[in-house]
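# Structure at a glance
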Amino acid sequence: MCMSDLAAYFHLGEHERHAPHITLLGPFRLFAGCDPVSIINNCQALEDTLHSVRATLGAPLMLRGRKGFAVVISAEPQHALSRCAAGIRKCLLPHFLDGTWIDSTPGTRIYHISIAFGLHRTRAELILHGLEQRPGCSEVPPLVSRLPGGIASSSRIAVIRRGALWMAFDLHMRRWLSRGEIFRKSVERFPLNSPTA
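Below is a summary of the structure that appears in this document. Quick caveat, the model's predicted, so the values are computed rather than measured. (Residues numbered from 1 in each chain as written. Predicted model: local features only at pLDDT ≥ 70, side-chain atom pairs only at ≥ 80, totals over all residues. Heavy atoms only, no water.)

### A short note on the overall build of the protein
The condition is simple: Where helices and strands are cited, they refer to DSSP runs of H or I of at least four residues and of E of at least two residues respectively, numbered from the N terminus. Think of it in three bands: residues with accessible area under 20% of the maximum for their type are buried, residues over 50% are exposed, and the middle band is partly exposed, with areas taken using a 1.4 Å probe on protein chains only. Throughout, a residue-residue contact means that at least one pair of heavy atoms, one from each residue, lies within 4.5 Å. Here the accessible surface of atoms and residues is derived via Shrake-Rupley with a 1.4 Å probe, and residues count as covered only by protein chains that are part of the display.
Counting its regular elements, the protein contains seven helices and 10 strands. Here the protein holds 197 residues, and 46% of them are scored as buried. For the protein, the proportion of contacts with a sequence separation of at least 24, taken over those separated by at least 6, is 73%. Carbon and sulfur atoms make up 55% of the accessible area of the protein, which totals about 10800 Å².

Encoded structure:
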């Protein structure tokens, strides 16, 4: 399934969507002088993670954000990803200057892949209705009915800084990739993002 197909089907503009990802932590700000990559390197979260991480896709949801509504596909992290997210959170949390209430209490984050965000409620409800259609319905493209139960996988954990991809840890090569290296590599179907600084 290609997320660009969904964007075309629902007539989504570039400003209404991100590259597909699952946020594990963030957004947050660290105390002055703190580097998220250095902090993560000093914990076992990435070293103990396998060569790829996965999440099982679930039902579509509508969430309210700071800039309107978002329509998302829920995602249940499998054990390796869940353990990695908990480890990264444990390492970074003591260095938070501020962050979201979601990250203050373990177990409150709703993991998901965003289809669209920054929407008016009416438009979000229309997109949600389109995603909730039953398989075989003539109104919905086949790719929508294949979403629930699908698996999103990635071999990278990325750090987003000031809204842009900053660095990513490649779980196969066991090293950090610069922004330039990331864009020279092939694009994954569902890159799973991690800390958002």
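### Comments concerning the pattern of salt bridges
Opposite charge on two side chains allows them to pair when their charged atoms are near. Going by this rule: We count a salt bridge whenever a side-chain nitrogen from Lys or Arg sits within 4 Å of a carboxyl oxygen from Asp or Glu.
In the structure shown here, the tally under the stated rule is seven salt bridges. One salt bridge connects Glu16 with Arg123, and the closest N-O pair in it is separated by 2.3 Å. Placement of the pair is Glu16 in the loop between α1 (3-9) and β1 (28-30) and Arg123 in helix α5 (residues 121-131), with a sequence separation of 107 residues. Residue classification places Glu16 among the buried residues on the basis of a relative accessible area of 9%. By relative accessible area, which is 27% here, Arg123 ends up partly exposed. Where Asp103 meets Arg109, a salt bridge forms, and the shortest distance between an N and an O atom there is 2.9 Å. Assigned by exposure class, Asp103 and Arg109 land together as buried.

### Structural notes on the environment of Ile113
Following the sequence through the fold, Ile113 ends up in strand β5 (residues 112-119). Along the chain, Ile113 and Thr23 lie 90 residues apart, while their C-alpha atoms are 8.2 Å from each other.

### As for the nonpolar core
The test is simple: For the purposes of this section, nonpolar cores are sets of buried Ala, Val, Leu, Ile, Met, Phe, Trp, Tyr and Cys residues that join through side-chain atoms within 4.5 Å.
By size, the foremost hydrophobic cluster in this structure holds 45 residues, and its most contacted members are Leu46, Ile88, Leu92, Ile127, Leu131 and Ile157. With six residues, the top contributor of residues to this core is helix α3 (residues 79-92).

### Here we look at the state of the cysteines
What is meant by a disulfide is a covalent connection between two cysteines, made through their sulfur atoms. Condition: Count a disulfide wherever a pair of cysteine sulfur atoms falls within 2.5 Å.
Inspection of the entire model under this criterion finds one disulfide. Here Cys43 connects covalently by a disulfide to Cys91, the sulfurs 2.4 Å from one another. The chirality of the disulfide connecting Cys43 with Cys91 is right-handed, given an S-S dihedral of about 140°. Placement of the pair is Cys43 in the loop between α2 (36-41) and β2 (53-65) and Cys91 in helix α3, with a sequence separation of 48 residues. Judged on exposure class, the residue Cys43 and its partner Cys91 are both buried. Cysteine Cys84 is unpaired, with the sulfur of Cys43 as its nearest cysteine sulfur at 8.2 Å.

### A word on unusual backbone geometry
What is expected of a backbone is that most residues other than glycine have negative phi and most peptide bonds are trans. Of note, the bond from Gly26 into Pro27 is cis; its omega dihedral lies within 30 degrees of zero at 5°. Its location among the elements puts Pro27 in the loop between α1 and β1. Of note in the backbone geometry, Arg162 takes a positive phi value of approximately 50° without being a glycine. Note on placement: Arg162 falls in the loop between β7 (156-161) and β8 (164-170).

### What about the sheet that holds strand β6 (residues 151-154)?
The condition is simple: At least two DSSP bridges between two strands are needed for those strands to be called paired. Axis lines are fitted to C-alpha atoms, over the contacting stretch for helices. Their N-to-C directions set the angle, which ranges from 0 to 180 degrees.
One open sheet accounts for four strands, arranged β5-β3-β2-β6; its pairing is antiparallel. The two strands at the open ends of the sheet, each matched to only one other strand, are β5 and β6. Each strand axis lies, on average, 30° off the axis of its neighbour in the sheet, ignoring direction. In terms of strand pairing, β2 meets strand β3 (residues 68-77) through nine bridges, oriented antiparallel.

### Describing the packing of aromatic side chains
Put simply, the rule is: Note on aromatic contacts: the rings of Phe and Tyr and the six-membered ring of Trp form a pair at centre separations within 6.5 Å, being stacked when their planes are under 30 degrees apart, edge-to-face when over 60 apart, and tilted otherwise. In this scheme, Lys NZ or Arg CZ marks a charge over a ring once it lies within 6 Å of the ring centre and within 35 degrees of the ring normal.
Under the criterion given, the structure shown has three aromatic pairs. Across from the ring centre of Trp166, 4.2 Å away, lies the NZ or CZ of Arg161, which sits over that ring.

### Regarding the side chain of Glu16
Put simply, the test is: Counting of polar contacts relies on pairs of N or O atoms within 3.5 Å, with two restrictions inside protein: one atom must be capable of donating a hydrogen and the other of accepting it, and residues adjacent in sequence are counted only when both atoms are side-chain atoms.
Polar contacts involving the side chain of Glu16 include one to the side chain of Arg123, which spans 2.3 Å. Residues within four places of Glu16 in sequence aside, it is in contact with His11, Ile115, Ala116, Phe117, Leu119 and Arg123.

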